[in-house]
Structures are given as C-alpha cells and as structure tokens.
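Below, each chain spelled out in residue letters.
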Amino acid sequence: MAEKKTTKKAAETKEVAEKKTTVKKAAAVKAVVAVNAENIGFKAGDVYQALAAAEKALAVKEIAKAAKISEEETLLGLGWLFKEGKLQSTEDNKIALA
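Residues numbered from 1 in each chain as written. Predicted model: local features only at pLDDT ≥ 70, side-chain atom pairs only at ≥ 80, totals over all residues. Heavy atoms only, no water.

Some words on helix 3 (residues 60–67)
So, point 1. By the burial criterion, the buried members of helix 3 are Ile 63, Ala 64 and Ala 67. Buried residues along helix 3 cover an arc of 100° about the axis, so they all sit on one side. Of the exposed residues in helix 3, the ones pointing more than 90 degrees away from its buried face are Lys 61 and Lys 65.
So, point 2. Where the residues of helix 3 are buried, they touch helix 2 (37–54), helix 4 (71–83) and strand 2 (95–97).
So, point 3. Phi for Lys 68, located one or two positions after helix 3, is positive at around 60°. (Buried < 20%, exposed > 50% of the residue type's maximum accessible area, 1.4 Å probe, protein only. Helix = DSSP H or I, 4+ residues; strand = E, 2+ residues; numbered from the N terminus. Arc of directions from axis to C-beta. Contact = heavy atoms within 4.5 Å.)

Structure (structure tokens):
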C-alpha cells in the first residue's frame, strides 16, 4: 500500500490556517449579562449615580461610559428607573433625572 506523505510546507499551511480560525472564534465571544432582579437593581443604581454626577441629560452611550457598564446593562437599568418614575426623556433622545 502506498501512503501519501505530506510535505513540510503543506503541514505549515494547515497549522497557520488553524491558528487564524482560532483567533477569529475568540474575538466573537461576547460578555453575558445576568438578567435577574438583583443584578438589574445594581445596574439601575450605577445609572442613577452616573446621571446624578453628570447633573445633565446624557445619551445611553454616555451613561454607559460614565457608569463603566455595557450598553445592554445600561438599558436594563434605565428600564428599571423609568418604571419607578425617576427618569425623563428629552427631545434630543437624552435621559435626565426626573
């Protein structure tokens, strides 16, 4: 039986291809947000503190940056605070304390 030998260059090319696909997979992983009342309550507190410190209306991205949380977590906190009546929306899609 004749076995086909792989060349050194073919083996190296295969290794490089595997490394490239591994890097792409690692970059696609996203952070998971725990959705429970306790976690969302803490995020609402972070959002409230960021708005109180700014003393002006902020956009969602600005709130997330000031509170040092993700935009998804910011939106969860905003929903909580809107439901409690602690926030108001401005004409230019910014959010301020009520």
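Notes on helix 4
So, point 1. Its 13 residues place the ends of helix 4 18 Å apart at the C-alpha level, agreeing with the 18 Å of an ideal helix rising 1.5 Å per residue.
So, point 2. When we look at burial in helix 4, the residues that qualify are Glu 73, Thr 74, Gly 77, Leu 78 and Leu 81. In a view along the axis of helix 4, the buried residues occupy a sector of 140°, so they form one face of it. Of the exposed residues in helix 4, those oriented more than 90 degrees away from the buried face are Leu 75 and Lys 83. (Expected span 1.5 Å × (residues − 1).)

Details of the environment of Ala 53
So, point 1. Here Ala 53 lies in helix 2.
So, point 2. By relative accessible area, which is 63% here, Ala 53 ends up exposed.
So, point 3. Along the backbone, Ala 53 and Ala 66 are 13 residues apart, and their C-alpha atoms lie at a distance of 9.0 Å.

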